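The residues making up each chain are set out below.
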Amino acid sequence: MSTPPPVYQHTGSGDLRSHSSRSSQTRSYQSSINNNPAVTFNPIPGGARSRSQSTGGTAKRGGVHPFPPDMLKRSETYKSNATKNTSRSGRPTLYPSESSSTLVGSALERKMRDEDPITERQDTASRLEAVRDHMRQHDLAYYIVPSEDSHGSEYIAPSDKRREWISGFTGSAGQAVLSLNSAYLITDSRYWLQAREQLDQNWIVVDAGSVDGPKDWVEWLVERAENCKVGIDARLISYEKATALNNLLKPKGAKLYYPPQNLVDLVWRDKPPRSREPIYVQPKEFSGLGANEKLTRLRDWIRIQRPAVPSYSRSEPKPSQRQVASLISNLSCIAWLLNLRGDDIPFNPVFHSYLFVGLDSATLFIELAKITPEVESYLQSIGVSVRDYNDIWTFLRRKEWGEGNVIISPQTSYAICLMMTSFRYTVLPSYVEEMKAVKNETEIHGLRNAYLRDGAAYVRWLAWLEEKLQQGYDITEYEAAWRLTEYRRKNKHYMGLAYENISASGPNAALPHYTPHKATARMIDRETPYLNDSGGQYRDGTCDTTRTVHFGRPTPEQCEAFTRVLQGHIAIDSAVFPEGTTGAKLDVLARRALWQDGLNYMHGTGHGVGSFLNVHEGPQSFTSDVPLVPGHVLTNEPGFYNAGKWGMRIESALVVRRARTKGQFNGDIWLKFERLTCVPIQTKMVKEVMLSKEERQWLKDHNRRCLELLEPFVRTDKRAMRWLRREAERGIGIAGAGPGGLTIDWD
């Protein structure tokens, strides 16, 4: 999954489309399930279709449609969300009930029930004016509506999507800034096009990071705010950002102002309620460390932190100056530390809470309805008491922990800092985040296994998709994504998707974070690369994989760009580096080959990945100045995007390991990457003459390794085995055109 810029459930095969025997034009019909819900069809590739009745009875081959095409209403047709058979194929006529879908039973039911409405551009004028009425009451010149929630989360619950509600923009990054006369959306390069498509005439898009644009929303705001008050919900801005912004505004006579209530919440009448889903324990067989061990490490760290006394002081620290606790607000840190998981935020197994860890006790602030008897007993066993989620404010205001300072991270909500006052807290980098980022051997072993199962599902799906396209079926981006999720759903320890499927063909692939929708998805074409960036959440690991494939004959331009992307991918994967090297120092390796041709990409080269947690995890990344250490897991995902035409990206997950080098200069300080992702890289778009000997060998070795490791998982799937073996054995590139422009591709 592409990372922010450096400055930065669903599968299905086809819903129902068929040829009409009365016309050569391809026509689409709605599934006969609407008319005859007891009947579903399971096409057998290359053979007859079998019909099964859910009410019982025997399966029959070659079933006849109960209604002729003339009796199907045009209103019962699907638009672009279907798999259809086109006139390119010599296949026999298919009536609507003889769906090209190979989904049956619960898989088909999930797909039919899927609600994916078209998000129409909304008129936000009344919403904006309602917020401005409150701005006038507080004498605000500007009001900031952040993307984040009270815990600084990148991905948030529906009840926290204030920026999306006020603007209509659904991207994961971007700040809304309202003035009394205008509304602005400041976002990075991943979302410039999407923002313009989704925002109405009341909004102005500001391209952060562009050549002539501001670096970010802070720079944009500081240029404009003068002798005025800038409003923001103090819960939705971090200590780090609030203090920096206040320091920048002060010389201009401006300052941040924190209304007692969120102004968007005051006018959002149909705001969704918070999740009340129960939380559950993540067993030690997956976590590798018990919560007691983690809490002990945190308390040991708290004890050795320097008291809050002036550096020149020679006197013994007072009890009020000692560090006695840590308050954790980051949701993934709380989940990791306590070995608990939840279901409050889509795709992220976390839960809304705060955790106060003292030297002798700990308190979890969470909605009590989420605590099951099993979890209550577990928390008691590790010495953690439970209080209501909103009690955190009373706890802080009364300073119930007694004397001493509380350690918080720079990303902690500024509202917490205001409540405690500066004399009662110390700001230090999050030690829990640091611990969480370094995976133990149990977590690494789990990630290896998760990536093997996820890779097997990916291979089964790619084999299915290629066969269907070769047979003449048209398949939408949405359909392809749905089908892949169904393959993943069958995997052991599957818990859901790690993020929304990015399934993109043609110009959509040039949008790094494009997500297909049922009614608007594009057909996967044979002229441009198809990009799929997706992954599953498993109890033993979080997966994130991107592969780009071509189902036709790629152009020389596409091949050259793909080869440069591949070379960057190989350069990162093969890197050997000494301790102390940061991800930012390695980033150039991924871009060097692209830069040689004047190409580049605007997102980061890779991000940290959690262990059955968030797919984006810090502090390590290829834009970070945090030194890489053994146990860090990152993605390696260079790409290239030809705006309005096509795009490509190759992404694999890596774990930092110790390396044995020939020289071992300065001793055992050398590090390398171990590749976790196990999905072949298509060689069709690779220009062999552009590769070095080492790069050619790397590509061949990778695809052969995929065959060796995945064969036990797909051995019973003949189609997947044929595809996997072919990818491991095929040469690099495609044959040139023969006399008269004749081309033959041997697969």
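Colleague: Where do I start with the packing of aromatic side chains in this structure?
Modeller: Aromatic ring pairs are reported here in terms of the distance separating the ring centres and the angle at which the planes meet. Inspection of every chain in the model, using the stated rule, returns 21 aromatic pairs. A ring pair is formed by W165 and W268, whose centres lie 5.5 Å apart and whose planes are at 20 degrees; its orientation type is stacked. Within this pair, whereas W165 is found in helix α3 (residues 162-167), its partner W268 is found in the loop between α7 (263-267) and β13 (280-281), the two being separated by 103 residues in sequence. Since its relative accessible area comes to 8%, W268 is described here as buried. Within the aromatic cluster, the residues linked to one another by ring pairs are Y239, Y258, Y414 and Y425. One residue, K229, lies across the ring of Y257, its end atom 4.1 Å from the ring centre. In this structure, R591 is placed above the aromatic ring of Y601, and the distance from its NZ or CZ to the ring centre is 3.9 Å.

Colleague: Help me out: how do you make sense of the pairing of strand β23 (residues 502-505) in this one?
Modeller: In summary, the side chains of a regular strand alternate between the two faces of the sheet. Going residue by residue along β23, you find I502 and A504 tucked away on one face and S503 and S505 tucked away on the opposite face as well. Alignment of β23 against strand β24 (residues 530-534), held across four bridges, turns out to be antiparallel. Each bridged residue has a counterpart across the sheet, and for A504 the counterpart in β24 is L531.

Colleague: Before we go on, may I ask you to explain the side chain of S150 in this structure?
Modeller: Its place among the elements puts S150 in the loop between β7 (142-145) and α3. Once residues within four sequence positions are removed from consideration, S150 is found in contact with R235, L236, Y354 and S413.

Colleague: I tried to follow the environment of A643 on my own but got confused; where do I start?
Modeller: As for its placement among the helices and strands, A643 is situated in the loop between β32 (639-642) and β33 (646-649). The class for A643 is exposed, based on a relative accessible area of 62%. Here the alpha-carbon distance between A643 and A509, two residues 134 residues apart in the chain, equals 8.8 Å.

Colleague: How do you make sense of the environment of I328 when you look at a structure like this?
Modeller: You can see I328 is positioned in strand β14 (residues 323-328). Look at I328 and you get buried, because its relative accessible area is 7%. Through-space distance from the C-alpha of I328 to that of S409 is 7.8 Å; in sequence the pair is 81 residues apart. Residue contacts for I328: discarding those within four places in its chain leaves L298, C333, I334, L337, Y354, L355, V357 and V432.

Colleague: Mind showing me how you'd approach the sheet that holds strand β25 (residues 536-538) here?
Modeller: Through backbone hydrogen bonds, the strands of a sheet pair up, either in parallel or in antiparallel fashion. Within the open sheet, the three strands sit side by side as β22-β25-β26. Their pairing is antiparallel. For this open sheet the edge positions go to β22 (494-497) and β26 (541-542), each flanked by a neighbour on one side alone. The pairing of β22 with β25 spans three bridges and is antiparallel. Following the sheet pairing, L497 is matched in β25 by G536. Where helix α16 (residues 477-489) meets the sheet, its contacts fall on β22 and β25, and the angle it forms with β22 comes to roughly 165 degrees.

Colleague: Sorry if this is basic, but what is going on with the nonpolar core here?
Modeller: One recurring pattern in soluble globular proteins is that nonpolar side chains are buried together. Counting 43 residues, the largest nonpolar core has L221, V230, L245 and L396 as the members making the most contacts within it. Not counting chain neighbours up to four residues away, the residues in contact with L396 comprise L327, W401, I416, M419 and M420. Grouped together as the second largest cluster of nonpolar side chains are 41 residues, A157, L337, Y378 and Y431 included.

Definitions and limits used
- Residues numbered from 1 in each chain as written.
- Predicted model: local features only at pLDDT ≥ 70, side-chain atom pairs only at ≥ 80, totals over all residues.
- Heavy atoms only, no water.
- Phe/Tyr/Trp six-rings, centres within 6.5 Å; stacked < 30°, edge-to-face > 60°.
- Helix = DSSP H or I, 4+ residues; strand = E, 2+ residues; numbered from the N terminus.
- Buried < 20%, exposed > 50% of the residue type's maximum accessible area, 1.4 Å probe, protein only.
- Lys NZ or Arg CZ within 6 Å of the ring centre and 35° of its normal.
- Pairing = 2+ DSSP bridges.
- Contact = heavy atoms within 4.5 Å.
- Axes fitted to C-alpha atoms, helices over the stretch in contact; angles between N-to-C directions.
- Core = buried A, V, L, I, M, F, W, Y, C linked by side-chain atoms within 4.5 Å.

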